[in-house]
Amino acid sequence: MEGAKIPYKMLSLDAYSQWLGIEILECEVGRCKVGMTVRPEMLNSMNKAHGGISYSLADTAFGFTANTHGKYAVSIETSINHISALDAGDYITAEATLDEQRTKVGFNIVEVKRGEELVALFKGVVYRTTKDWTE
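Given the structure is predicted, the values throughout are model-derived calculations rather than measurements.

1. Focus: unusual backbone geometry
Part 1: Even without being a glycine, Asn47 presents a positive backbone phi close to 65°.
Part 2: Within the chain, Thr103 stands out as a residue other than glycine whose phi angle is a positive 50°.
Part 3: For Thr103, the position within the fold is in the loop between strand 4 (91-102) and strand 5 (105-114).

Written out as structure tokens, the structure is:
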């Protein structure tokens, strides 16, 4: 399967990302940019977006990017640094800005932004299996 098409297939099978309202904005092999709007039901007790929201968006961009190389890729370690709080109505994007492959292990950095403002920085390590993505 063509690598840039894999994230679209993944999104069609991903009920959680669909519930979040994630959309694919740009996609090519080694890079994927996704976006979503923070909704009121995504807020925590401090009336700010739950940290899991920006994490989930970044994790989706990470997973989509890692799989564009044509093999099933699964995360083995991830982390995030939250830089700014998010509010209901904020539109945020996540884009893999680094996609480095080392044999079966890949490394990704994902920037989460509100407009041009960096609001979170995500790091992920992925293991690429031998299973190919098919139509």
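2. Some details on the side chain of Arg31
Part 1: Examined against the element boundaries, Arg31 turns out to sit in strand 2 (residues 31-37).
Part 2: Within polar-contact distance, the side chain of Arg31 engages the side chain of Glu26 at 2.8 Å.
Part 3: Within polar-contact distance, the side chain of Arg31 engages the side chain of Glu95 at 2.7 Å.
Part 4: In this structure Arg31 touches Glu26, Thr65, Glu95 and Ala96, once residues within four positions along its chain are discounted.

3. Details of the pattern of salt bridges
Part 1: Tallying each qualifying case throughout the model produces 12 salt bridges.
Part 2: With a shortest N-O distance of 2.6 Å, Asp87 and Lys48 are connected by a salt bridge. Placement of Asp87 in the loop between strand 3 (71-82) and strand 4 and of Lys48 in the loop between strand 2 and helix 3 (51-67) is noted, with a sequence separation of 39 residues between them.
Part 3: Asp90 is paired through a salt bridge with Arg114; the nearest N and O atoms lie 2.8 Å apart. Here Arg114 lies in strand 5 and Asp90 lies in the loop between strand 3 and strand 4, a separation of 24 residues in the sequence.
Part 4: Overlapping salt bridges, with partners in common, bring together Glu26, Glu28, Arg31 and Glu95 in one network.

4. Overview of the sheet that holds strand 1 (residues 23-28)
Part 1: Across the sheet, six strands lie side by side as 1-2-4-5-6-3; this open sheet has antiparallel pairing. With one partner strand each, in any of the chains shown, strand 1 and strand 3 form the two edges of the open sheet. Taking the axes of each pair of neighbouring strands and ignoring which way they run, one obtains an average angle of 20° across the sheet.
Part 2: Of the strands in this sheet, strand 1, strand 2, strand 3, strand 4, strand 5 and strand 6 (117-132) touch helix 3, which is tilted by about 145° from strand 3.

5. Some words on the packing of aromatic side chains
Part 1: Across all of its chains, the model carries four aromatic pairs by this definition.
Part 2: Where Phe62 meets Phe122, the ring centres are 5.5 Å apart and the plane angle is 50°; that geometry is what we call tilted. Of this pair, Phe62 sits in helix 3 while Phe122 sits in strand 6, and the two are 60 residues apart along the sequence. Neither Phe62 nor Phe122 differs from the other in exposure class; each is buried.
Part 3: Each residue in the set Tyr55, Phe62 and Phe122 is aromatic and connected to the rest through ring pairs, giving one cluster.
Part 4: Arg39 extends its terminal NZ or CZ atom over the ring of Trp19, reaching a point 4.8 Å from the ring centre.
Part 5: The ring of Tyr72 is capped by Lys131, whose NZ or CZ atom sits 4.5 Å from the centre of that ring.

Criteria and thresholds
- Residues numbered from 1 in each chain as written.
- Predicted model: local features only at pLDDT ≥ 70, side-chain atom pairs only at ≥ 80, totals over all residues.
- Heavy atoms only, no water.
- Helix = DSSP H or I, 4+ residues; strand = E, 2+ residues; numbered from the N terminus.
- Polar contact = N/O pair within 3.5 Å; in protein donor to acceptor, adjacent residues only side chain to side chain.
- Contact = heavy atoms within 4.5 Å.
- Salt bridge = Lys/Arg side-chain N within 4 Å of Asp/Glu carboxyl O.
- Pairing = 2+ DSSP bridges.
- Axes fitted to C-alpha atoms, helices over the stretch in contact; angles between N-to-C directions.
- Phe/Tyr/Trp six-rings, centres within 6.5 Å; stacked < 30°, edge-to-face > 60°.
- Buried < 20%, exposed > 50% of the residue type's maximum accessible area, 1.4 Å probe, protein only.
- Lys NZ or Arg CZ within 6 Å of the ring centre and 35° of its normal.

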